[in-house]
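# Observations on chain architecture
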Amino acid sequence: MDLFSPMARGRAVPSLRAALLLALAGSLCACAGANIPGLSPPQTAVPEVDAAQFPTLGGPTPDRREPLTAEQQQKLQRDLERLARQQQAKQVPQAQ
């Protein structure tokens, strides 16, 4: 029997449709989270990392500064305000 004859094609189409529907149903079940053996992703062991440290991917470790204390924050604020006043005085000419 020839595969390209009308009789062979007539029997092949319903079985092809059934195979496609079965494959579609299987893929939808896998996407829906059904635990079908062989269709679920493998469970890998991922090491836990401390929340304060990010993993580096081959690069140098970043330098992390210590947070400012309350005194350092106040000093920084005063310095920034002083610099802002100096910049403003340079930009605005004083009226005489």
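Structural notes, computed from the coordinates. These numbers were taken from a predicted model, which means no experiment stands behind them.

Our next topic: the overall build of the protein. Counting secondary structure elements, the protein contains two helices and zero strands. Looking at the protein as a whole, 2% of its 96 residues qualify as buried. A total accessible area of about 9,700 Å² is found for the protein, and carbon and sulfur atoms account for 61% of it.

Enumeration over the complete set of coordinates arrives at two salt bridges. Where D79 meets K75, a salt bridge forms, and the shortest distance between an N and an O atom there is 3.1 Å. Taken together, the positions of D79 and K75, both in helix 2 (residues 70–91) and four residues apart, correspond to about one turn of that helix. The exposure class assigned to D79 is partly exposed, which follows from its relative accessible area of 24%. K75 gets classed as partly exposed once you look at its relative accessible area, which sits at 47%. Connected through shared salt-bridge partners, K75, D79 and R82 make up one network.

To continue, consider a nonpolar patch on the surface. A cluster of nonpolar side chains, namely L68, L76, L80 and L83, defines an oily patch on the protein surface of about 350 Å² accessible area. With respect to the element layout, L68 can be found in the loop between helix 1 (6–32) and helix 2. The class of L68 is partly exposed, set by a relative accessible area of 43%.

Calculation criteria
- Starting afresh in each chain, residues are numbered from 1 along the sequence in its written order.
- It should be noted that, the model being predicted, local features are given only for residues of pLDDT at least 70 and side-chain atom pairs only at 80 or more, the latter also being counted only at that level, while totals for whole chains, interfaces and linings use all residues.
- Side-chain measures here rest on the full set of heavy atoms in the structure, leaving out hydrogens and waters.
- Numbering of helices and strands runs from the N terminus; a helix is a DSSP stretch of H or I covering at least four residues, while a strand is a stretch of E covering at least two.
- Only protein chains enter the accessibility calculation, which uses a 1.4 Å probe; a residue whose area is less than 20% of its type maximum is buried, one above 50% is exposed, and one in between is partly exposed.
- Surface exposure here means Shrake-Rupley accessible area, sampled with a 1.4 Å probe, where a residue is shielded only by the protein chains that are shown.
- Each salt bridge in this description consists of a side-chain nitrogen of Lys or Arg and a carboxyl oxygen of Asp or Glu lying within 4 Å of one another.
- Patch rule: a residue counts if its relative accessible area is over 30% and it has no salt bridge; like charges are joined within 9 Å, and nonpolar side chains (Val, Leu, Ile, Met, Phe, Trp, Tyr) within 5 Å.

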